[in-house]
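So you can see what is in the structure, the chains are spelled out below.
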Amino acid sequence: MAARTSTARPLLDSIPVPDKIPVALIVNGIEAQLRVAPWTTLLDALRDHLNLTGTKKGCDHGQCGACTVLVDGRRVNSCLTLAVMKDGATVTTVEGLATDGALHPLQQAFIDHDAFQCGYCTPGQLCSAVGLIQEGKAKSADEIRELMSGNICRCGAYPNIVAAIQQAMGVKP
Amino acid sequence: MINFQYARATDVADAVRQIAADPTAKFIAGGTNLIDLMKDDVERPSRLIDISRLPLKTVEQTADGGLRIGALVPNSDLAYHPLVEQRYPMLASAILAGASQQLRNMASTGGNLLQRTRCLYFYDTVTRCNKREPGSGCSAITGINRMSGILGTSEACIATHPSDMCVALAALEAKVRVVGPAGERLIAFANFHRLPGNTPQFDTNLRSNEIITAIELPAQGFASNYSYLKIRDRLSYAFALVSVAAALELEGDVIKEARLALGGVAHKPWRDTEAEAALRGQAANPEAFSHAADVLLRDAKGYAHNSFKIDLARRAIIRTLTQAARGTPQSQSNKRIR
């Protein structure tokens, strides 16, 4: 009755290198056919296979939120998502938020409220905020702050980010 | 990350067959902890068996008035499920106290139970850690142990279980439904996670060829008098220094039934039935709460950087029981503690 532990370690060279696996994704409305290794994250697939470099690699450990994208309409950390597991999924990245050249209301609100400084966290903040508004759980500023806590801003633009989200939600700060 | 193979399970029986056939394989569902550990070379499975498409995603009422939660229900869906919000609000609150919304959208109910400790030394592969490399020693006992345990620790390991959700599940007397080659069994929540002893490499009593299929809750949800209070180094998105799940059933001012479990203090969610017994039949007042805290912390032992947790836990227990008795549970968005 031994539980499975990290100590059951296979020899590295005893595992055959697996074939690349076909994965179909609909990214920003366009169907993409990829062939990826099992360990390719959705983040690396987007950036390195599809050249969609708007999604950022910050910590690569699910702690900063820079890699946030929407998968089947839900915000997730793409750095902790294996691309092979999302075969058939619909993905929206920051590149897919604008429509016909018109900014998404959140993008416009981020500009209106100066909700960024360096901008590195912004694609993740935007995708996360789109998810937050769709979820419909955040009403107050406290709730916005809490439900955006998975997105870190090293420049500390938090008050402006909250104001921008409130504008996009149509509530007065 | 090391080289590994990838396979999908077609149903629960196929998942059990596949895991039984390969001792170095692991299941993957949400992946929020496992992929992180693989990137840090702490976990090195030869094969990932993807169970994320199995039909274990429903929340249903059971014949005895309880709730059966499919193992693959995402944490966020569970927290916002109407039956959980209405009947088991302590569970909803505990879930929302943990991680971020992105991670809760990914993480599964079953996977939450199986997440590994966030002890610094478990993650740092150049240090000694009996949980990672049995027999190598424990770096935390003499190292940076601010986040380490104060209850049920051993000479081999002072790591804590990181889950918030599991603290509420322990207090609610959940059961874990698992399936293995020999069939199905139900594990009481108190017996699911284990203390480290001399074998801290084993977090749980789940067998290596078993899969969690559901978490079951009994009918009593303590929806009127409960609170989940989490104390941490920042206001959100951090693991607990101490967390408390407290639930009371009151008759007037008298405690008819009590549940008390702590997170961030031990190798498992720390529910203490003796402390609960000390509350039963007492008036719900600060003296009774203080006595229950003394009972729960009777064997607490601090280390160089975490002795403060003993007093913190004492105060948190009293505060959480007070919130529960008043019917004013801790908000998980307005962090002011009242």
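Parameters and conventions
- Residues numbered from 1 in each chain as written.
- Chains lettered and ligands numbered in written order.
- Predicted model: local features only at pLDDT ≥ 70, side-chain atom pairs only at ≥ 80, totals over all residues.
- Helix = DSSP H or I, 4+ residues; strand = E, 2+ residues; numbered from the N terminus.
- Buried ≥ 20, exposed ≤ 12 C-beta atoms within 10 Å, placed from the backbone.
- Contact = placed C-beta atoms within 7 Å.
- Rg over C-alpha atoms; globule rule 2.2 N^0.38 Å.
- Pairing = 2+ DSSP bridges.
- Axes fitted to C-alpha atoms, helices over the stretch in contact; angles between N-to-C directions.
- Expected span 1.5 Å × (residues − 1).
- Nonpolar A, V, L, I, M, F, W, Y, C, P; charged D, E, K, R; others polar.
- Domains from an automatic or database assignment.

Asks: Lay out the overall build of chain A with the relevant residues and their values.
Replies: For chain A, the helix and strand inventory stands at five helices and five strands. In chain A, the succession of α and β elements from N to C terminus is β-β-α-β-β-β-α-α-α-α. When the backbone C-alpha atoms are referred to their principal axes, chain A occupies close to 60 × 40 × 30 Å. Expressed as a percentage of its 173 residues, the buried residues of chain A come to 46%. Restricting the contact set of chain A to residue pairs at least 6 apart, pairs at least 24 apart contribute 57%.

Asks: Lay out the overall build of chain B in plain terms, naming residues and giving numbers.
Replies: If you tally the helices and strands in chain B, you get 13 helices and twelve strands. Relative to the compact-globule value of 20 Å for 338 residues, chain B shows a C-alpha radius of gyration of 19 Å, a close match. Projected onto its principal axes, the C-alpha positions of chain B cover 60 × 50 × 35 Å. The buried share among the 338 residues of chain B stands at 57%.

Asks: Lay out the sheet that holds strand S11 (residues 254–263) of chain B with the relevant residues and their values.
Replies: Residues and elements named next belong to chain B. The four strands are arranged S9-S10-S11-S12 in an open sheet whose pairing can be described as antiparallel. At either margin of the open sheet sits one strand with a lone partner, and together these are strand S9 (226–232) and strand S12 (270–271). Where S11 lies against S12, two bridges are found, and the strand directions are antiparallel. Bridged to Leu262 within S12 is Trp270. Contacting S9, strand S10 (240–251) and S11, helix H13 (residues 308–326) crosses the sheet at an angle of about 35 degrees to S10.

Asks: Pulling in residues and values, what's your account of H13(B)?
Replies: Because an α-helix packs 3.6 residues into every turn, residues spaced three or four apart end up facing the same way. Residues and elements named next belong to chain B. With 19 residues, H13 ought to run about 27 Å at 1.5 Å a step, and its terminal C-alpha atoms sit 27 Å apart, in line with that. Lys309, Ala313, Ala316, Ile317, Ile318, Arg319, Thr320, Leu321, Gln323, Ala324 and Ala325 are the residues of H13 that are buried. Where H13 is buried, its residues meet S9, S10, S11 and helix H12 (286–296). Positioned one or two residues after H13, Gly327 has a phi angle of 70 degrees, which is positive.

Asks: I'd like to hear about the interface of chain A and chain B, residue by residue, with values.
Replies: Listed as interface residues are 39 residues of chain A and, on the opposing side, 43 residues of chain B. For the side of chain A that touches chain B, the elements supplying multiple residues, two or more each, are strand S4 (74–77) and helix H4 (141–147) of chain A. Grouping the amino acids of the side of chain A that touches chain B by side-chain chemistry returns 18 nonpolar, twelve polar and nine charged.

Asks: Quick rundown of helix H5 (residues 158–169) of chain A? Include the residues and the values.
Replies: All names here are of chain A. An ideal rise of 1.5 Å per residue puts 16 Å on twelve residues; H5 measures up with 16 Å between its terminal C-alpha atoms. Along H5, the residues classified as buried are Ile161, Val162, Ala163, Ala164, Ile165 and Ala168. As for H5, its buried residues are in contact with helix H2 (105–112), helix H3 (122–135) and H4.

Asks: Provide a residue-level description of the environment of Tyr120(A), including the pertinent values.
Replies: Residue and element names in this part refer to chain A. Along the polypeptide, Tyr120 turns up in the loop between H2 and H3. With 65 residues separating them in the primary sequence, Tyr120 and Thr55 have C-alpha atoms 9.2 Å apart. For Tyr120, the contacting residues outside a window of four places in its chain are Lys56 and Ala66.

Asks: Please provide a residue-by-residue account of the domain arrangement of chain B, values included.
Replies: Looking at chain B, the domain boundaries give domain 1 (5–52) and domain 2 (226–326). Spacing between the C-alpha centres of domain 1 of chain B and domain 2 of chain B amounts to 36 Å.

Asks: I'd like to hear about the environment of Ala157(A), residue by residue, with values.
Replies: All names here are of chain A. Inspection of the secondary structure assignment puts Ala157 in the loop between H4 and H5. A C-alpha to C-alpha distance of 36 Å links Ala157 and Leu34, two positions 123 residues apart in sequence. If sequence neighbours within four positions are ignored, Ala157 has contacts with Ala115, Phe116 and Gln117.

Asks: Give a detailed account of the sheet that holds strand S1 (residues 21–27) of chain A, specifying residues and quantitative values.
Replies: All names here are of chain A. Taken in spatial order, the five strands line up as S2-S1-S5-S3-S4 in an open sheet, and their pairing is mixed. Two strands close off the open sheet at either side, each with one partner strand: strand S2 (30–36) and S4. Going across the sheet, the axis of each strand differs from the next one's by a mean of 40 degrees, ignoring polarity. Note that S1 and strand S5 (residues 90–92) share two bridges and pair parallel. Following the sheet pairing, Val27 is matched in S5 by Val91.

Asks: Describe the domain arrangement of chain A, naming the residues involved and giving the relevant values.
Replies: Often, the extent of an interface is quoted as the loss of accessible area on bringing the components together. Residue and element names in this part refer to chain A. For chain A, the assigned domains read domain 1 (20–95) and domain 2 (105–169). Just the C-alpha atoms count here: the centres of domain 1 and domain 2 sit 21 Å apart. With 15 residues of domain 1 at the interface, the matching set in domain 2 holds 13 residues. Contributions of two or more residues to the side of domain 1 that touches domain 2 are made by strand S3 (68–71) and S4. Partitioning the side of domain 1 that touches domain 2 into residue classes produces six nonpolar, six polar and three charged.

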